[in-house]
Amino acid sequence: MLTQTTTRVLEPSDLDAALQVLGREPVANAFVTSRVQVAGLDPWRLGGEMWGWYTDGQLRSMCYAGANLVPVCAGPEAVRAFADRARRTGRRCSSIVGPAEAAGLLWRLLEPHWGPARDVRAHQPLMTTEQPSPEIAPDPLVRRVRTDQMDMIMPACVAMFTEEVGVSPLTGDGGLLYQARVAELVAAGRSFARIEDGKVVFKAEIGAATHRACQIQGVWVDPAFRGRGHSETGMAAVVDYALRDIAPVVSLYVNDFNTAARASYRRVGFREVGMFMSVLF
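Here the residue numbers are simple positions, counted from 1 along each chain's written sequence. Local features in a predicted model are, by the rule used here, given only for residues with pLDDT of at least 70; side-chain atom pairs are given and counted only at 80 or more, and totals for whole chains, interfaces and linings are based on all residues. Hydrogens and water molecules were not included; the side-chain quantities draw on all heavy atoms of the structure.

### A few points about the pairing of strand E8 (residues 191-196)
Alright, step 1. Strands pair, by our definition, only if DSSP identifies at least two bridges between them. Think of it this way: any DSSP run of H or I at least four residues long counts as a helix, any run of E at least two long counts as a strand, and we number them from the N terminus. Here strand E7 (residues 142-144) pairs with E8 via 3 bridges, running antiparallel. Looking across to E8, one finds that Val142 is bridged to Arg194.
Alright, step 2. Of the strand pairs in this sheet, E8 and strand E9 (residues 199-209) are connected by 6 bridges, and their pairing is antiparallel. Opposite Glu196, over in E9, you have Lys199 as the bridge partner.

### Brief notes about the sheet that holds strand E12 (residues 271-280)
Alright, step 1. The strand order E1-E2-E3-E4-E5-E12-E6-E11-E10-E9-E8-E7 describes an open sheet built from 12 strands, whose pairing is mixed. Pairing within the sheet leaves two strands with one partner each, and these edge strands are strand E1 (5-9) and E7. Each strand axis lies, on average, 25° off the axis of its neighbour in the sheet, ignoring direction.
Alright, step 2. Bridge count for E1 against strand E2 (residues 49-55) is 5 bridges, and the pairing is antiparallel. Across the sheet, the residue bridging to Arg8 is Gly52, located in E2.
Alright, step 3. Note on definitions: a residue-residue contact is assigned when non-hydrogen atoms from the two residues lie within 4.5 Å. Axis definition: a line fitted to C-alpha atoms, over the contacting stretch in the case of helices. Angles run 0 to 180 degrees between N-to-C directions. Contacts between helix H2 (residues 30-39) and the sheet are confined to E2, strand E3 (58-65), strand E4 (68-72) and E9, with E9 contributing the most and set at about 70° to the helix.
Alright, step 4. Against the sheet, helix H10 (residues 259-268) touches strand E6 (119-129), strand E10 (214-221), strand E11 (250-253) and E12, its axis set at about 10° to E6.

Below is the structure:
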C-alpha cells in the first residue's frame, strides 16, 4: 500500500497537531515553539506561514517560513517537499536555520535557485545545560535590563549583531524592526546586562522561551573588557535566571570555529548535544 503525502499551509485549527510535532524535540524546536505558543498559526500574527507535511493524513513535519526558513522534525522526504514549495514561492527569508541535517539538505536543494549565500555556517554545535555551573560564580552585577535602559543596550545589541552576522541591523528600515525586537525582550524580562557607568560590559538575551526549554542568544562582551572572564560569569548569571524563572533546560548554538566561546560555555556547564546550521543571505 502506497503512503500518501501532502504539503499545505497550516491553519489556526491545526494548532494542537502542530504543538504535538514541536513537542517531539523541545530543545531544537524552542525558537519555533515559542513563536507558535504566542501567536498561534495565523500568518499575520506568526510573521510567516507554517508549512505542514502529512503522511496518510497525519502531520509529521513542519517548516516555518518567515524571516527565517526553519525545518521542524523534517526527514529527507519532508525537506524535499518544503524545498519544492520554497522554490515556487521564491526566497522571502534572510536565513535558513535549523538542525544541520535537515537545514543542509534544504540548502543543497535550494542553492541552485537561491544561491549564492552570503555566508554558510555548516557546523554550529547545539549546547544545553540543566543546572547552574558548580565552577563559575554568577556575576552579581548582571541584571535584567530595564525599559529606561534601552538607550544603553541598543548600541551593544547593534554591535553584537553586526559582529556576528556581518551586516548592520540598522539597514533597510533604519533598524525599526530590530529595535522593536530588542524592546520586546527587554519588556519581557529576557534581556540581561552588566552596565557600568552607563556602558554595557556584557549582555545576552533569552530569545526563545517555552515551558520546556529556552534559548540564549546575542552573547556579547565589549571589546575593551574581553579576556577578563565576563563572558563566563555573565553567562552563569543568565543561566541562573533562566533555570529559576523560565525553563528547566537552557540552550544555545555557537559557531564551531569560535573555540573560545565553546570553551567558555563548557566551563559554565553547557554540553554539546547536536548540530545546527545557518545559511545567511
